[in-house]
Each structure stands twice: as structure tokens, then as C-alpha cells.
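# Descriptive analysis of the structure
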Amino acid sequence: MSTETLPPKERSGTPLFTSGDWTLKDLEAIHDAVTEVGVGELGLELYRNRIEVISSEQMLDAYASLGLPHMYRHWSFGKHFAHQEMLYRKGQTSLALEMIVNSNPSVCYLMEENNATAQTTVLAHAAMGHNHFFRNNQTFQEWTDADTILDYAEFVRNYVARCEDEYGQKAVERTLDAAHALQEQGIDRLSPAHRRTVEEEHQRVLERRRYQRETELELWRVVAHHEPPTGPGDTDDEALQRSLTLPEENLLLFLEKQAPNLKPWQRELLRIVRTLSTYFEPQRQTKMMNEGCACWCHFTIMSRLREQGRLTDGAMLEFMHLHSSVVAQPPFDHRGFSGINPYALGFAICQDIERICNEPDEEDREWFPDFAGNGAPLATLKRAWSDFRDESFVRQFLSPRVIRDFRLFRLDDDPGAEYLTVGAIHDERGYRRVRSALAAQYDPGESRPLIEVTDADLRGSRELRIRHTVRRGRTLDALEARRTLRHLGFLWGYPVVLDEVDETSGKTVATHREDPA
Amino acid sequence: MDVIVDRRQQPKGKNLGNRQRFVRRAREQIRGAIRENLKNRGITDAERGETVSIPRDDVHEPRFVPDPRAGRREHVLPGNREFVEGDRIARPEGGGGGSGAEGSPEGEGEDAFTFQLSRDEFLDLFFEDLELPDLVKTRVASQTSTVRQRAGFTTDGPPVRMNLERTMRHSMARRVALRRPTQTAIEALEHELEQLRSGAITPADGRSAATRIAEIEDQLARARERRTRVPFIDPIDLRYSFFDSVPRPVTQAVMFCLMDVSASMDEDMKDLAKRFFMLLHLFLVRQYERVEVVFIRHTQQAEEVDEETFFHDRLTGGTIVSSAFEEMLRIVKDRFPIEDWNLYLAQASDGDDWREDLPRCVELLDQRVLPICQYGAYVEVARNSAVGQDPLAGNPSALWKAYDAIADRHAHFARRSIARPADIYPVFRDLFHRAGIES
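Residues numbered from 1 in each chain as written. Chains lettered and ligands numbered in written order. Predicted model: local features only at pLDDT ≥ 70, side-chain atom pairs only at ≥ 80, totals over all residues. Heavy atoms only, no water.

It is worth spelling out the overall build of chain B at this point. Scanning chain B from N- to C-terminus turns up 14 helices and 13 strands. Across the 439 residues that make up chain B, the buried fraction comes to 44%. Total accessible area on chain B is roughly 22,800 Å²; 49% of this is exposed by carbon and sulfur atoms. (Helix = DSSP H or I, 4+ residues; strand = E, 2+ residues; numbered from the N terminus. Buried < 20%, exposed > 50% of the residue type's maximum accessible area, 1.4 Å probe, protein only. Areas by Shrake-Rupley, 256 points an atom, 1.4 Å probe, with all protein chains shown as cover.)

All chains considered together, the criterion is met by 51 salt bridges over all chains. Glu-165 of chain B is the salt-bridge partner of Arg-169 of chain B, the closest N and O atoms lying 3.1 Å from each other. One end of the pair, Arg-169 of chain B, and the other, Glu-165 of chain B, are both in helix H5 (residues 164-177), four residues apart, so they sit about a helical turn from each other. Residue class for Arg-169 of chain B comes out partly exposed when judged on its relative accessible area of 46%. Using a relative accessible area of 55% as the deciding quantity, one classes Glu-165 of chain B as exposed. Taken together, the salt bridges that share partners define one network made up of Glu-463, Arg-465, Asp-499, Arg-513 and Asp-515 of chain A. (Salt bridge = Lys/Arg side-chain N within 4 Å of Asp/Glu carboxyl O.)

What characterises a pair of aromatic rings is the spacing of the ring centres plus the angle enclosed by the ring planes. Residues and elements named next belong to chain A. All told, the structure shown has 25 aromatic pairs over all chains when counted by the stated rule. Between Phe-393 and Phe-397, the ring centres sit 5.4 Å apart and the planes meet at 45 degrees, which makes this aromatic pair tilted. Of the two residues, Phe-393 and Phe-397 are both situated in helix H17 (residues 390-397); the distance of four residues between them amounts to about one turn of the helix. Relative accessible area serves as the criterion here: at 0%, Phe-393 is assigned to the buried category. Phe-397 sits in the buried class, given a relative accessible area of 3%. A cation sits over an aromatic face here: Arg-174 above Phe-490, 3.9 Å from the ring centre. (Phe/Tyr/Trp six-rings, centres within 6.5 Å; stacked < 30°, edge-to-face > 60°. Lys NZ or Arg CZ within 6 Å of the ring centre and 35° of its normal.)

The next thing to look at is the side chain of Ser-349 of chain B. Residues and elements named next belong to chain B. Considering the arrangement of structural elements, one finds Ser-349 in strand S11 (residues 341-349). Ser-349 sits in the buried class, given a relative accessible area of 1%. If sequence neighbours within four positions are ignored, Ser-349 has contacts with Asp-260, Met-265, Tyr-378, Val-379, Glu-380, Val-381 and Leu-399. (Contact = heavy atoms within 4.5 Å.)

Attention shifts here to the sheet that holds strand S8 (residues 496-502) of chain A. All names here are of chain A. The four strands are arranged S6-S7-S8-S9 in an open sheet whose pairing can be described as mixed. The sheet is open, and its two edges are formed by strand S6 (450-456) and strand S9 (508-514), each paired on a single side. Pairwise comparison of adjacent strand axes, ignoring direction, gives a mean angle of 20 degrees for this sheet. One ladder, built from six bridges, connects S8 with S9; its direction is antiparallel. Its bridge partner being in S9, Leu-498 is matched across the sheet by His-512. Across the sheet, helix H10 (residues 251-258) touches S6 and strand S7 (464-470), and the angle it forms with S6 is around 25 degrees. (Pairing = 2+ DSSP bridges. Axes fitted to C-alpha atoms, helices over the stretch in contact; angles between N-to-C directions.)

Here the focus is the sheet that holds strand S13 (residues 413-418) of chain B. Residue and element names in this part refer to chain B. If you trace the six strands from one edge of the open sheet to the other, you get S10-S9-S8-S11-S12-S13, paired in mixed fashion. Two strands bound the open sheet, and with one partner strand each, they are strand S10 (302-305) and S13. Going from strand to strand, the sheet's axes swing by 20 degrees on average, the running direction of each strand aside. Pairing analysis gives four bridges linking strand S9 (residues 290-298) to S10, with the strands arranged antiparallel. Note that in S10 the partner of Phe-295 across the bridge is Val-305. The strands touched by helix H10 (residues 322-335) within the sheet are strand S8 (252-260), S9, S10 and S11, with S9 carrying the most contacts at an inclination of about 145 degrees.

Before going further, it helps to examine the confidence of the model for chain A. Put simply, chain A has an average pLDDT of 86, and 87% of its residues get 70 or more. Low confidence marks residues 224-235 of chain A, where pLDDT is under 50. Its contacts with residues over four positions away, or in another chain, come to four contacts. (pLDDT = per-residue confidence, 0-100.)

Let's shift gears to the confidence of the model for chain B. Confidence in the prediction for chain B averages 76 pLDDT; 77% of positions are at 70 or higher. Across the whole predicted complex the pTM is 0.69, and at the interface the ipTM reaches 0.83.

With that settled, the discussion passes to the interface of chain A and chain B. Counting residues at the interface gives 98 residues for chain A and 66 residues for chain B. Here chain A meets chain B over a buried area of about 7,900 Å², counting both sides, of which 54% is carbon and sulfur. It is Trp-75, Lys-79 and Asp-413 of chain A in chain A that bury the most area against chain B; as a group they hold 9% of the surface buried on that side. The interface formed by chain A and chain B contains 11 salt bridges. Of the charged contacts in the structure, one is a salt bridge between Arg-21 of chain B and Glu-164 of chain A, with a shortest N-O distance of 2.7 Å. Linking chain A with chain B are 44 residue pairs in polar contact (both at pLDDT 80 or more). With 11 residues, the top contributor of residues to the side of chain A that touches chain B is helix H3 (residues 75-89) of chain A. As paired elements, strand S1 (residues 49-54) of chain A and strand S1 (residues 3-6) of chain B share four bridges and run parallel to each other. Counterpart to Ile-51 of chain A in the pairing with S1 of chain B is Ile-4 of chain B. (Buried area = accessible area lost by both parts, 1.4 Å probe. Polar contact = N/O pair within 3.5 Å; in protein donor to acceptor, adjacent residues only side chain to side chain.)

Attention now moves to the packing of H10 of chain A against helix H11 (residues 264-285) of chain A. Residue and element names in this part refer to chain A. At a minimum axis distance of 9 Å, the contact between H10 and H11 shows a crossing angle of 160 degrees. The pairing of H10 with H11 is recorded here as roughly antiparallel in orientation. H11 is crossed by H10, and the crossing has left-handed handedness. Contacts between H10 and H11 pair Leu-252, Leu-253, Leu-255, Glu-256, Lys-257 and Gln-258 from the former with Arg-267, Leu-270, Arg-271, Val-273 and Arg-274 from the latter. Grouping the amino acids of the contact of H10 with H11 by side-chain chemistry returns five nonpolar, one polar and five charged. (Parallel < 35°, antiparallel > 145°, perpendicular 65-115°, else oblique. Left-handed = near helix turned anticlockwise from the far one by under 90°. Nonpolar A, V, L, I, M, F, W, Y, C, P; charged D, E, K, R; others polar.)

As C-alpha cells, then:
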């Protein structure tokens with residue numbers, strides 16, 4: 001790791017703006033200044049930016065379609081839109097200042113209501129910070145394809161619209177409802193499937209149609225000639241079972257390949273939901289880091305612009321106000337508390353890394369021997385941003401100092417006990433325990449139920465069995481499970497059974513059954 | 001290269017389709033919510049949009065989620081001030097396993113889903129339940145006449161609308177500002193020049209007359225030139241009166257809601273009556289600039305009350321319908337001079353009246369009330385058991401029978417019987433159809 005030198009401080013520049021108003025020309029100048037620092041001095045590596053100035057209504061639209069410029073139509077997006085809109089109109093929530101799409105070029109939305117200071121912050125935050133993160137973080141690199149997602153989203157929108165024309169809105173909606181219910185069980189966790197280009201995707205759809213037609217013709221031929229139907233005999237059962245490669249963790253994938261009665265277009269819809277679900281997964285797994293990276297970038301870039309004299313005192317004060325409200329962390333007993341604020345924790349850890357690199361104390365040297373005092377905060381941060389996700393980031397970089405600053409503590413909840421117990425606090429004994437508990441909280445493997453297909457009887461009753469592995473007594477919410485199972489039953493077309501099996505004892509603690517009507 | 005695109009002018013409402021799908025899907029529940037809502041909704045509120053809460057069932061999106069009450073779990077929370085390791089804390093009320101720091105990602109709880117219906121969405125659903133076609137909206141919207149009203153001045157317009165006073169005011173200001181020499185000043189110079197030339201006067205400061213003459217000639221030339229350069233009226237001075245079309249505050253209307261609140265009117269019946277009143281009010285609001293509502297309830301006595309009391313207060317006693325008409329006439333005399341107000345009468349009752357009161361009632365309505373009303377409607381609210389029965393075919397109520405003669409004599413009086421929401425609109429339509437408004 002080399003030591004880094006930043007250009008000396010000078011405050012000779014002229015302010016980028018002096019009032020809150022801005023024009024598109026000002027935005028260009030702001031963008032250039034921000035890029036100069038972000039790319040020129042910090043060396044951020046970015047996708048091209050496509051910066052779009054939009055109104056608040058358009059921002060609400062973007063919210064509801066999960067940020068993608070194109071999305072298929074579905075009532076649940078309308079539901080979220082209606083809800084967000086009401087909260088916004090009633091002033092119970094403000095809109096996010098920005099939104100950025102993990103794509104190449106990355107689409108970065110700026111709201112017209114933002115004043116010049118906010119736009120500068122947003123550009124430094126999203127167009128620099130998030131963009132760098134999307135481009136360099138390994139989770140994103142492995143799981144998403146930023147080059148094709150925009151085309152894919154457009155393909156999806158058109159495909160779903162075509163399906164609605166052809167098979168009716170109701171039928172499409174029914175299938176999508178069911179697929180949505182299982183979307184968290186549709187993420188390619190182990191090996192993200194080879195992603196096809198849109199061209200190949202089209203090709204595949206055509207192929208599927210052709211196959212469908214041919215099998216229909218085959219049926220005609222067979223009936224016409226009165227030939228006995230030839231099919232795999234009972235002896236093939238075993239081979240067939242093996243080909244299913246059970247247990248299978250990806251329920252949507254399994255259904256797409258194996259559900260007996262689904263039409264080709266329904267399989268395609270499952271595939272779409274599965275692909276999008278996988279696309280969004282890295283965002284869930286890196287939310288805190290990603291915001292931390294973006295906040296660190298906007299803070300550093302804005303401070304640098306101030307040093308260059310390109311921000312006025314007023315703008316800087318305004319920025320500090322904005323920044324501190326974004327990274328505020330209310331305590332657990334505060335009315336406004338809604339969990340750990342990813343912006344606050346992410347930013348605190350990034351800033352702490354910078355401090356440890358530059359001015360470590362004894363504690364830091366002991367906890368972080370590999371980078372304490374290395375004088376290379378940028379390189380250290382960049383490595384962290386690229387190699388980790390929230391869970392491992394916390395495990396590696398959460399320092400005692402941040403634990404103290406946040407006054408973190410661990411609360412143990414044992415349903416058998418009458419009381420909740422404080423398991424660890426911000427003291428010598430507690431640091432490691434708090435840290436590992438917090439990391440577990442961010443670990444999708446820990447926090448999400450493990451559900452697998454274990455058995456499918458393809459010849460007899462056609463019953464599908466799935467299993468939930470119960471860890472530490474955490475069973476599923478029974479009502480929700482039954483409702484979800486109904487959707488699963490609809491897709492499978494035959495009875496489905498969910499067994500909840502305790503991890504250690506191997507005992508079945510609950511069974512839910514659904515027979516589709 | 002990065003690009004900046006201004007997309008603000010591009011269409012918004014990309015989610016309208018999704019929103020419509022959502023409203024369609026939740027239609028049954030939203031209708032239920034609206035029905036529920038009507039109970040708490042004022043008659044004059046009918047035009048507002050509405051925040052509705054619907055149960056989550058049909059718009060709920062289930063997932064496999066852990067039961068928050070089952071199993072051991074640990075939460076990391078910020079902001080510890082007093083706890084030390086090993087402290088015990090009482091479980092928060094309502095269980096939920098600690099603070100719920102790890103709630104579901106959408107933050108969805110068990111409570112109902114709340115959102116805002118737009119006014120149009122609300123009216124659609126409101127009318128749909130009444131089996132009302134679109135007609136009220138289109139018909140009434142075109143109705144109001146407009147009047148042209150002064151609305152300030154513009155710098156452009158047809159010559160006939162030039163406003164002389166304003167124009168001159170601007171012209172004067174400009175002339176003063178640009179120091180255009182006045183006619184009087186020039187005349188004074190000319191006069192002095194003439195006198196100097198004729199030798200009638202000599203310059204007072206001892207200069208020669210010739211010097212002064214040259215000086216004045218110069219001044220005059222400059223003044224005349226300035227006068228041509230700075231015109232008396234310049235196009236920029238022109239001001240035109242501007243007129244705006246504003247809806248004529250033609251008329252105002254007052255709607256009298258008369259209701260029998262004796263014990264025989266149950267909640268459902270009052271609800272039906274209320275919906276009829278709401279529809280009538282909605283109609284009037286679109287017809288008139290200003291609409292007042294007067295609520296009169298009666299048992300054996302009548303009194304004016306507020307809406308809350310009207311629909312929700314329980315009062316029992318005998319029934320004397322005529323008392324309500326008398327109260328109405330009294331209020332008209334006090335507050336609503338008939339030359340200034342359009343009067344509407346809507347009477348809801350279950351049709352019971354004290355037998356001795358009937359002739360009095362008919363006489364009041366016939367001779368005094370209907371002659372001053374634009375329209376009058378009598379709505380007989382049938383008991384639920386009577387659903388589907390034609391009130392005329394069965395046993396008509398005493399009041400209904402008593403009104404027979406009036407209905408024949410007065411074209412602007414309608415009476416109908418309603419037993420369910422679907423009956424309301426036909427009655428309403430009947431009422432206004434007779435009034436000669438096409439439907």
C-alpha cells in the first residue's frame with residue numbers, strides 16, 4: 001500500500017453557486033467539479049453517469065418501480081405507490097433526495113425540488129459514491145450484470161404486456177402474485193446462472209414457443225395414427241428424481257423447470273421474477289456499506305470543494321445540516337427509532353477506518369494490526385468497499401470506538417424467559433460479542449428462513465414436499481406460511497407439504513399442507 | 001462522457017396503470033371502507049377525496065417469514081445509557097420479541113393498509129355503489145353561466161378596450177421621467193423671445209439682448225426636438241382593461257333535510273337517508289355557488305340540529321310530521337328570504353305519523369312549503385324486511401297515502417321508497433328528471 005498525497009489546500013476557486021437556484025448549466029458545472037474531486041483526486045472508478053432531472057411525481061414513480069426506468073405492470077407496485085404517495089402528501093415522510101440504478105450507464109435521478117447544495121451533495125453521494133460501489137463491489141460484480149439490466153427490464157415490460165394481451169391480465173397477475181410470494185426463495189445463491197443477453201433471451205423465448213407448438217403437433221400425430229403413447233416407464237422414476245438434484249434451495253427455479261402443468265409463458269414469468277430478485281439481492285446484502293461508502297464520498301468531496309473555495313459558507317452550513325440529519329442515529333428508546341440507520345453506521349465505520357489509517361491509538365493497533373497507521377485510508381476503504389458485504393464488513397471493521405460512540409448493546413430474547421436480558425454492552429467484555437451479533441443480524445443466511453424442496457413425487461400423487469430447517473427454535477409465522485403455500489400450490493398444481501424440521505434434533509415441529517382446489 | 005438529461009417535461013404518472021390495478025383489485029374492500037366511512041362523513045364532505053384503510057387480506061403479499069414470537073434471538077440496538085451486562089428488562093407490551101429491530105423489510109405490520117383515494121376515485125366508487133351512471137358529473141359540470149369581470153389591466157388588447165386613464169397615467173409618468181418639456185414651458189420661452197425681439201424687454205442680468213436671443217433660440221430648438229423624441233403617448237404606455245370569465249354567483253341554495261328520528265328509524269334507515277342527502281348535496285354543490293344545509297329532526301316536536309345530532313343522537317317520542325314543516329318555514333322566514341334563495345326540501349321518514357296530524361301536514365306541504373321550494377322529495381325509508389317490495393303494492397304508510405293528492409298537484413314533488421343503496425339513485429334521478437333536466 002502506498003502513501004497517498006492530496007494536493008495542498010488552496011481556497012482560490014470561485015463558488016459554484018451563490019443561491020439555492022440552479023440551471024442545467026449550473027448542474028453541469030457542479031457535476032464537473034464533483035467529478036474532478038471524485039475521479040481526479042479520490043480515484044473513484046465509475047460507470048458512465050446518466051443524470052436525469054425529475055419531478056417529485058416522477059420520483060414517486062421511480063420508487064414504486066423499484067428504481068428501474070422500466071418495469072412490468074402489477075398491482076403491488078400500485079399499492080406501494082399509493083402508500084408512499086399518501087405518506088409524502090401528508091408530510092409524514094420526505095422523498096429520498098436521490099435514487100440511482102445499478103446499471104451501465106448508471107441512471108441517477110435528481111429531484112427538481114432540491115436546491116443547489118442538495119444537488120451537489122446528491123451528485124457526490126450517488127453519482128460518485130454509489131456508482132463506485134456498484135462498479136467495484138464483488139457482490140454486485142458476481143450477481144448482477146449492469147450492462148444488460150436496462151435492456152432486460154425493457155424486455156420484461158414488453159414481454160409481460162404481450163402475455164397480458166394474449167392470456168389475459170388476470171391470468172398473468174395470478175402467476176405473478178404467486179411468483180412474488182416466493183421471490184425470496186428465488187435467488188440464485190450458490191451459482192448465479194449464466195445470464196443471457198437480451199438477444200439470447202429473445203431467442204430462448206422463440207425456442208420455447210417452437211417447442212410448445214411441436215409438442216402439440218406430436219400429440220396430433222399420435223392421436224391420428226392411434227399409436228400407443230410412448231413415455232418413460234416406472235423404472236425411470238429413480239433417474240428422474242436424481243435429475244431434479246434435490247434438495248433444491250431455489251424454489252422458483254425448481255418450479256420453472258419441474259412444475260408439471262405450467263404453460264411456457266408462466267415459466268418465463270417465474271424466470272423473470274427470479275432474475276429480478278437476484279438482481280436486487282446484492283443491494284439488500286450491502287445496504288449499510290453502500291450507504292456508508294456514498295456518505296463518506298459526499299462528505300469528503302463536499303469538504304474538498306469547500307477547501308477549494310467552491311462552496312460558500314452558507315452552502316457549507318446547509319450541507320452540514322443535511323448531512324447530519326441523514327447520518328443521525330436515534331437511540332432505541334426514541335420515538336423516531338426504526339432500527340439501526342444504515343447511513344449512520346456505514347458512514348461512522350468508513351470515517352473510523354480513515355482515522356485508524358491516519359491516527360491510530362493503542363486499541364486500534366491491537367484490533368486492526370493489518371491497516372492501523374498505514375497512512376493509506378483511500379486504498380484501505382476501497383479494498384473494504386470492493387471485497388465485503390454488510391455481514392463481513394461489520395465482522396472486519398466495526399471498531400470498539402464505533403461501538404462506544406453508538407452505545408451498542410445486545411439484547412437477548414429467549415421466549416422461555418420472563419425477561420429480556422442484556423447480553424453485552426460497549427465494554428471490554430462486550431465488543432466482540434456485540435460485533436458478532438450485529439454481523440449475524442446482517443447475514444442473510446442467519447436472518448432468512450432456509451427453505452428447500454426435498455421431494456417431488458412425479459409419478460404418483462405428484463405431491464411436493466418442502467422443508468424449513470428450524471434454527472434455534474425460529475419457526476415460521478404459521479398464517480403467513482399457509483398463505484404463501486397457497487401460492488406455491490397454485491404454481492405446482494398438486495398438493496404441497498411444508499415440514500418444519502428442527503436443525504439439531506431432526507424432529508418435525510410443524511407441518512403445513514395445501515391442496516389446490 | 002456523463003450526460004445530464006432534463007426529464008421533467010416527460011410524462012409522469014407512469015404508475016397510474018399500477019395504481020388503477022391496485023384500486024381495482026382492492027375494490028371490494030375499498031367499497032366496504034367507504035361504506036364504513038360514510039357513517040363518520042359529513043354530508044358536505046362528499047366531494048373530498050378520502051383516506052381509506054382497508055384490511056390487508058386481499059392486497060397482502062405473503063412471504064415465508066419467521067414467527068417473531070418463536071425462538072431465541074439477539075438484537076443489537078444503539079443508545080444504551082444505563083444497562084450493564086446481565087440486566088433484565090421487562091418485555092415490552094404486546095410481545096413481538098424485543099424491539100422488532102429486524103422487522104420485515106417493507107416495515108409492514110399487522111395494521112391495515114392506508115392510502116389516499118383521489119376525489120375522482122372516491123366519487124367513482126361512491127356512485128358505483130349507488131348504481132349511478134356517469135351522468136351527474138357530466139351534466140352538472142356544464143351548467144354554470146359565467147359573467148365577464150374586470151381583472152386588472154394588460155399591455156395588449158383590442159382598441160375598444162383601451163383604458164384611457166391608465167394609459168395617460170403611464171404616459172405622464174414617462175414624460176416626467178424623461179423630462180419632456182411641457183407646452184407651457186415652450187410658450188413661455190416663445191413669449192420671452194418675441195418680447196426680446198420687439199425690444200419690449202431686455203435681459204435683467206445686463207447681457208445684450210442678442211446673446212439672450214441666441215440662448216433662447218437654442219433652448220427652444222432643443223426643447224422642440226426633445227418633444228418630438230419623447231412622444232406624448234408611446235406604445236409602451238398603452239393599457240387595456242382585462243376581463244376574465246368568472247362563474248356567475250347566480251344563486252344560492254338551501255337544502256332542508258327533514259327527518260323523523262323517532263325510535264322506529266333504525267341506524268340502517270338513517271344511513272340510507274344520509275346517502276340520499278349526500279347525493280342531493282353533491283348535486284346542489286355543482287349547481288350552485290353556495291349551498292347551505294339545514295338539518296331538522298322531529299319527533300312530536302321539531303328542532304334544528306347539527307349534522308352529528310341529526311344522524312347519531314337517539315331521541316324517542318311520538319311523531320308529528322307537521323312540526324318539521326313549521327320549523328322549516330320559521331327558519332326560511334328568519335334566514336333565507338325566498339327571493340334570494342333556492343329552497344330544496346328532502347324529507348326522510350318511515351312513514352309513520354300521528355293520524356290527527358296528517359291533514360295539517362298535507363295542508364302545510366301543499367299550501368305553504370311546496371310553493372316556495374324548487375324541488376321537494378319525500379323519501380320513505382323502508383324497513384329491511386321490505387326489500388324488493390313495491391311500497392305502492394303493499395300496505396302504503398299513512399303518510400304515503402296522505403301525499404297522494406299532493407303528488408298529483410305538484411310536478412316538482414317526488415316521493416319514492418328506498419330500501420337499499422341501489423334504490424337511491426333512481427329516486428334522485430326521478431326527482432331531477434321531472435324538473436326538466438335531461439338525464
